[in-house]
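Structure assessment
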Amino acid sequence: MIELEGVVKQFEAPGGEIVRAIDGVSLAVAPGELVALYGPSGSGKTTLLKIVAALLRPDAGSVTVDGRDVAGLSEREAADYRLEQVGFIRQVPELLPGATAIDNAAFKLLRRYRLPEARARVEGQLRGLGLGERLRHRGNELSGGERQRVMIARALAIEPSVVLADEPTGNLDSRRSGEVLDLLRRLGREHRVATILVTHDPLAAGYADRAYELHDGQIRSYAADSAQA
Amino acid sequence: MKLSNIAALWWIRLRARRGQELLALFGIATGVALLFAALVASSSLTGSFQRTTESIVGDARFQLTARGAAFDPETLPGIWRLPGVAAATEVLEVRTEMEGPEGRRSVLMLGVLPGFERVNGTPAAQALAGNFALLGAMALPAPLAHSLGAGVEQRVAVDVNGERTPVRLASLLSEQQIGPLSASPVAITSLPYLQELSDQPNLVTRILVAPEPGREAQVERALQRIAAGRLEVRPADFEVALFRQAVEASNQALSIFSVLSALVGFLFAFSAVLLTVPARRAMIAELLLEGYGAATAVRVMLFDALVLGVAASALGVLVGDQISRHLFTTTPGFLELAFSFGTERIVTPANLAIALLGGVLASCAAVLGPTVGAIRAARGPASGATGDRGRRRIDLLSLAGLLVLAAGVAIANAGSGSASIGLAGLTLLIVAMLLLLPGLLRILLAVVDLLARPRRGAVPFIATADLRARETRIRGVAVAATGAIAIFASVALQGARLDIQRGMDRSIQEQVRIAPVWAMAPGGANLLATVPFDPPDIAPPPGIERLDGYRGSFLDIGDRRVWVLGPPASARSSLLGGQVVTGDEGSAQRRIRRGGWTAISADVAAELGVGVGDRVLLPTPVPIELRVAALTTNLCWPSGAIVLNASDYARAWGSTEVSALIATPERGTTPAAAARSLRAALGPRSGLVVQTAAERERDQRAASRDGRTRLIQITALVLLCATIAMAAAMAGLIWQRRPFLASVKAEGYSSGELWRSLVLQAALLVGAGCAIGAAVGLLGQRLLSHALTDVTGFPVIYTPAWSSALLACVAVAAAVVTIVAAVGYRAATVDPESGLD
């Protein structure tokens, strides 16, 4: 369960002006729920994800994940939190190009398990994602859609509390985008994971259980018509 | 695109990637500096000698030498009367040792006659002309006088003919007056005075003859008639040919160093330029996207390469110039024993052209190579080797590497026979090493994976996965290759140097230990006991059983200045121990003692076309025919050696002079006590120095090591440059990978885990490079040692240089990993927040 209450994050712009990137956002995402944050570039979507991932500290407000305050974590605790509880899916899948698909999926398990055990834990997931024939292929031998599915497998391998998906379909065609989003929603429900999907693609927002629009750092209910307009 | 636009584009892009371009500049400059310094060192040695010789002979084109160093008094007037002769003069050159208030030097004393300036019309001769009346005095080049601490009108002690005589310094000769001679250890005096010092009133070493322009052939024919077989007619600068032959081995070693230095520099440049490839690739993609053709992209990149190459080469030449001034200044000490040359540094246009062209070509190859790949990549789907194709390529490279290695090993085992085959063998080994490197890295990564399997943790996984990525792998191989070549060069050359040193040490020991006590003319130039003197008329002093005369000198045979050793029959051991390459050592020793037999260096024998048992006529002052008892190494003298009985020597030279007195102590007398006794018997006025065999051996060993100092310096520089190259390339690579590191940190891995994986990567790359460099370097050592024996005839004792190899590997690996660890620590603290951008 992700809970944000009155979160504020501000930055100093190059001219010295203070900009409120996140301006009093409150949001709750339940386990198994997929919430989409829609908005144009610079609206604060990625900043909000970074706050949930404990990569940025909010200037005000609280952030809790499964009841734990992640805003006050030390650097070391924040790293452990991300490794054990947060799955990431990004616009450009950051695979290790020299590692195979199965090793990439197992990457976040290596502190907890030996490599053969970690592989065993992700193999079924990868097969389920249709990558059974591509397990031993290296990152640079996979297509964009395949890489994104490996990232999904990696994100879910740790049995996370939270999945943060930042424009996961930005580099995919509409058919592949649909497949990936469908997977996200289905697997999030199956694994009871609270998922935040950040996108500026109105179609992607359509796959979410709830969708919000982020504008000038403030959150408001998503209106599909206005987005498409 | 216009050239001005290309230049403007270059300037704009340069500002965005100053650091990377600086690294590439530094890389190429390092290679050029090493190459230039080695070339200058090589050309200075021969060039300096050539200029010294030319300063002495001036316009003379011919020289006449008498085998017995005694000319008929009518020879010079006869030459003057020949049609076409513009000038002729007698010259006496005597090697001496001088001692002033602040130092000792070995000096060539040049005795000349009035009229010398007519042969030598150079400003140098004009300056010398003022000193012709120097009876009882001499003139010295100002730098030489300064090193002795002697001023005008002061007296300098001169050791000549076994006597010490104080000689007045009448004048100092500046560089403006005598040009290149000012850097040479040469003293000028009048011929009669030098003859008086030498105690040989009619002694003349050569007559220099200057023909009128266009009448050289006519004069040469007339001189041959006058020589009539009793005298030798040779080019006036014949000594240069002798010197070139003597310095050949040293120059070959320097050439190999130059090539290896250039290779290390090129790999440095290549590694550095690889860092700029992403930026250049993006530029090419942009150009092609905007509609410019591949030709324009190549022109833009060629402009990059030329600017980089010219700037780096210019910087490299400047740095190389400083290296050649301050580091590569030692001359091979052993050559000073038979030749007089200065310390002049000579930079030829060829040196400059080779260094500059080399730098620009390296830059073009390093920039344009990746450009082709970038154009292909920008035009279509990734064409790089991936998956099975990449693995197959590595397999093929490894197979080719093994085949090339087998060829190199075959040459190493069979012996090279010629310098070019030796160099070809070395090249094969280097090529094999580079071909095998990717395969070795793959094996190393597999081993790390295997070792990591039973353990938890992402450190080895991150390290190996990153090194398997194509782009990292290419850069990694370039880094490892730099280390491999540097270690190869270091191990092969250091090992060969140690082999030759062991051989020389043994040869020196055998030569010196024929007698426990030696008395001979002092000075560094007489280390080999080749300066003759009249034996003092003394009886064996207390504690000494007998005193014998040892004879030795240099004899010009063909274009070789051969060392002649004439031990007395009473010598207690053979100086041939371990030096015989054809024939039986024991019987050769017995035959030489008996007389009428000789042992000749194999390369001299080959030149004379004789073998064991054959008769050989030696061109000594009184030509002598001897039978060849054995063929030997060159006894550490590059031009070869001849050993004969001291009595045969005396007959062949028609002289009773000796070049050392050797003493056999009575039973129970130590060599040190015998030396003291002999010193007392010779008296304080004697110009002879008395040494025990151990002391002489120590001096000779020190001199033989001096001659190889430059090789040690270059080896150290190559290693240093390779270390900097690898560290810089690795550091640059890590710094560029910070976005990747940030993304891994964003996933939750810590700075410590990332840092350890970076250090492991560095250790793997450097380890692979060093390991293969050391292993193939040991083969290179074997090949070089064989080549030195086969080509130069040096006495080489081959022992694999395991400890040198290990030391070089540990030193380079430790230095690189330490530097990378420091940079890696900084890089690993990258903010993980940027990993989600």
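Quick caveat: nothing in here was measured; it's all calculated off a predicted structure. Starting afresh in each chain, residues are numbered from 1 along the sequence in its written order. Chains and ligands are labelled by the order in which they are written, letters from A for the one and numbers from 1 for the other. Totals for whole chains, interfaces and linings use all residues, but because this is a predicted model, local features are given only for residues with pLDDT of at least 70 and pairs of side-chain atoms are given and counted only at 80 or more.

**Digging into the overall build of chain A**
The number of helices and strands found in chain A is eight helices and 10 strands. The globule rule used here is 2.2 Å times the number of residues to the 0.38 power, and the radius of gyration it is set against is calculated over C-alpha atoms. In terms of C-alpha radius of gyration, chain A reaches 17 Å, essentially the compact-globule figure of 17 Å for 229 residues. Taking the principal axes of its C-alpha atoms as reference, chain A extends roughly 50 × 40 × 35 Å. Partitioning the intrachain contacts of chain A with sequence separation of at least 6 by distance along the chain shows that 69% fall at a separation of at least 24. Only DSSP runs of H or I with at least four residues qualify as helices, and only runs of E with at least two residues qualify as strands; both kinds are numbered from the N terminus onward. Whether two residues are in contact is decided by their C-beta atoms, placed from the backbone, lying within 7 Å.

**Things to note about the overall build of chain B**
Counting its regular elements, chain B contains 26 helices and 19 strands. Counting across all 837 residues of chain B, residues that qualify as buried make up 54%. By sequence separation, contacts in chain B at least 24 residues apart represent 84% of the contacts at least 6 residues apart. Each residue is classified by how many other C-beta atoms fall within 10 Å of its C-beta atom, where C-beta atoms are placed from the backbone; a count of 20 or more means buried, 12 or fewer means exposed, and values in between mean partly exposed.

**Considering the pairing of strand β6 (residues 86–90) of chain A**
Residue and element names in this part refer to chain A. Of all five residues in β6, five are buried; the element is thus mostly enclosed. Across five bridges, the pairing between β6 and strand β7 (residues 162–166) is parallel. Counted as the bridge partner of Val-86 is Val-162 from β7. Here, a strand pair is defined by DSSP locating no fewer than two bridges between the strands.

**Section: the interface of chain B and chain A**
Listed as interface residues are 25 residues of chain B and, on the opposing side, 31 residues of chain A. Broken down by secondary-structure element, the contributors of at least two residues to the side of chain B that touches chain A are α16 (459–468) and α24 (738–746) of chain B. The class makeup of the residues in the side of chain B that touches chain A is 11 nonpolar, six polar and eight charged. Residue polarity follows a fixed list, in which Ala, Val, Leu, Ile, Met, Phe, Trp, Tyr, Cys and Pro are nonpolar, Asp, Glu, Lys and Arg are charged, and the others, Gly among them, are polar.

**A few points about the environment of Val622(B)**
When you line up the elements, Val622(B) lands in the loop between β15 (615–618) and β16 (624–632). Distance from Val622(B) to Ser655(B), taken between C-alpha atoms, is 9.7 Å for residues 33 residues apart in sequence.

**What about helix α11 (residues 277–289) of chain B?**
Given 3.6 residues to a turn, an α-helix orients residues that are three or four positions apart in the same direction. Residues and elements named next belong to chain B. Here, expected helix span is obtained from the residue count minus one, scaled by 1.5 Å. Along its 13 residues, α11 runs 18 Å from first to last C-alpha, staying within 8% of the 18 Å computed at 1.5 Å per residue. For α11, every residue scored as buried is listed here: Val-277, Arg-280, Met-283, Ile-284 and Leu-287. On an axial view of α11, the arc spanned by its buried residues comes to 125 degrees, and they lie on one face. Exposed and facing more than 90 degrees away from the buried side of α11 are Glu-286 and Leu-289. Directly beyond the C-terminal end of α11, a positive phi value near 100 degrees is found at Gly-291. Note: the arc covers the axis-to-C-beta directions of the helix.

**Concerning the sheet that holds strand β2 (residues 18–29) of chain A**
All names here are of chain A. Overall, antiparallel pairing links the four strands, which are arranged β2-β1-β4-β5 in an open sheet. A single partner strand is all that each edge strand has here, and the edge strands are β2 and β5 (68–69). Where strand β1 (residues 2–12) and β2 come together, nine bridges link them in antiparallel fashion. The partner of Glu-3 across the bridge, within β2, is Ala-28.

**Considerations on the packing of helix α1 (residues 3–16) of chain B against helix α12 (residues 294–326) of chain B**
All names here are of chain B. The N-to-C vectors of α1 and α12 enclose an angle of 65 degrees; their axes lie 10 Å apart at closest approach. Of the two possible hands of crossing, α1 and α12 adopt the one that is right-handed. Contacts between α1 and α12 involve Ile-6, Ala-7, Leu-9 and Trp-10 from the former and Arg-299, Val-300, Phe-303, Asp-304 and Val-307 from the latter. Of the residues assigned to the contact of α1 with α12, the class counts are seven nonpolar, no polar and two charged. To get an axis, fit a line to the C-alpha atoms, keeping to the stretch in contact for a helix; angles then go from 0 to 180 degrees between the N-to-C directions. Handedness of a crossing follows from how the near helix is turned relative to the far one, being left-handed for an anticlockwise turn of less than a right angle and right-handed for a clockwise one.

**Let's talk about the sheet that holds strand β9 (residues 210–215) of chain A**
All names here are of chain A. Across the sheet, six strands lie side by side as β6-β7-β8-β3-β9-β10; this open sheet has mixed pairing. Two strands in the sheet have a free side with no partner beyond their single neighbour: β6 and β10 (218–221). Within this sheet the neighbouring strands show an average axis-to-axis angle of 20 degrees, counted without direction. As defined by bridge partners, strand β3 (residues 34–38) adjoins β9 across four bridges and the pair is classed as parallel. What sits directly across from Leu-37, in β9, is Tyr-212. Against the sheet, helix α5 (residues 144–157) contacts β6 and β7, and its axis sits at roughly 170 degrees relative to β6.

**Section: the nonpolar core**
Residue and element names in this part refer to chain B. Judged by nonpolar contacts, the single largest core of 285 residues is most densely connected at Met-433, Leu-437, Met-730 and Val-812. The greatest single-element share of this core, amounting to 20 residues, is contributed by helix α17 (residues 470–512). Here Met-730 is in contact with Val-479, Ala-762, Val-816 and Val-820, once residues within four sequence places are set aside. Here, a nonpolar core means buried Ala, Val, Leu, Ile, Met, Phe, Trp, Tyr and Cys residues linked by C-beta atoms lying within 7 Å of one another. One finds Met-109, Ala-139, Leu-144 and Val-160 within the second-largest nonpolar core, a separate group that totals 51 residues.

**Concerning the environment of Leu115(A)**
Summarising the element assignment, Leu115(A) is placed in helix α4 (residues 115–128). Along the chain, Leu115(A) and Asp103(A) lie 12 residues apart, while their C-alpha atoms are 8.0 Å from each other.

**Quick word on the confidence of the model for chain A**
Confidence scores here are pLDDT values: one per residue, from the predictor, ranging 0 to 100. Taken residue by residue, chain A gives an average pLDDT of 87. The fraction at 70 or more is 97%. When pLDDT is averaged over each element of chain A, strand β4 (residues 60–65) of chain A comes out on top at 94 and helix α8 (residues 224–228) of chain A at the bottom at 47.

**So, the pairing of strand β5 (residues 155–160) of chain B**
Residue and element names in this part refer to chain B. One ladder, built from three bridges, connects strand β2 (residues 85–100) with β5; its direction is antiparallel. Within β5, the residue paired with Glu-97 across the bridge is Asp-159. Between β5 and the antiparallel strand that follows it, strand β6 (residues 163–173), lie two residues; Asn-161 among them carries a positive phi value of about 55 degrees.

**Points about unusual backbone geometry**
Positive phi outside glycine occurs at Glu159(A), with the angle close to 50 degrees. Inspection of the secondary structure puts Glu159(A) in the loop between α5 and β7. Classification of Glu159(A) by C-beta neighbours within 10 Å gives partly exposed; the count is 13. The backbone phi angle of Ala529(B) is positive, close to 55 degrees, even though this residue is not glycine. Turning to its location among the elements, Ala529(B) is positioned in the loop between β10 (517–520) and β11 (544–557).

**Quick word on helix α2 (residues 75–85) of chain A**
Buried residues of α2(A): Ala78(A), Ala79(A), Arg82(A), Leu83(A) and Gln85(A), and no others. For α2(A), the elements touching its buried residues are β4, β6 and β7 of chain A together with α24 of chain B.

**Here we look at the packing of α5(A) against helix α6 (residues 174–191) of chain A**
For any two helices packed against each other, one specifies the inter-axial angle together with the distance between the axes. Residues and elements named next belong to chain A. Packing of α5 against α6 brings their axes to within 11 Å, and their N-to-C directions diverge by 10 degrees. In this view, α5 runs roughly parallel relative to α6, as classed from their interaxial angle. Together, Gly-145, Gln-148, Ile-152 and Leu-156 of α5 and Arg-176, Glu-179, Val-180, Leu-183, Leu-184, Leu-187 and His-191 of α6 make up the contact between the two elements. Residue classes in the contact of α5 with α6 are distributed as six nonpolar, three polar and two charged. Here the angle decides the label: under 35 degrees means roughly parallel, over 145 means roughly antiparallel, 65 to 115 means roughly perpendicular, and every other value means oblique.

**Quick notes on the confidence of the model for chain B**
Model confidence for chain B is summarised by a mean pLDDT of 83, while 89% of its residues fall at 70 or above. Per the prediction output, this complex has pTM 0.76; the corresponding ipTM is 0.89.

**Quick look at the environment of Arg68(A)**
Residue and element names in this part refer to chain A. Among the secondary structure elements, Arg-68 is positioned in strand β5. Residue classification places Arg-68 among the partly exposed positions, given that 13 C-beta atoms sit within 10 Å. Along the primary structure Arg-68 and Ile-2 are separated by 66 residues, whereas in three dimensions their C-alpha atoms are 9.4 Å apart.

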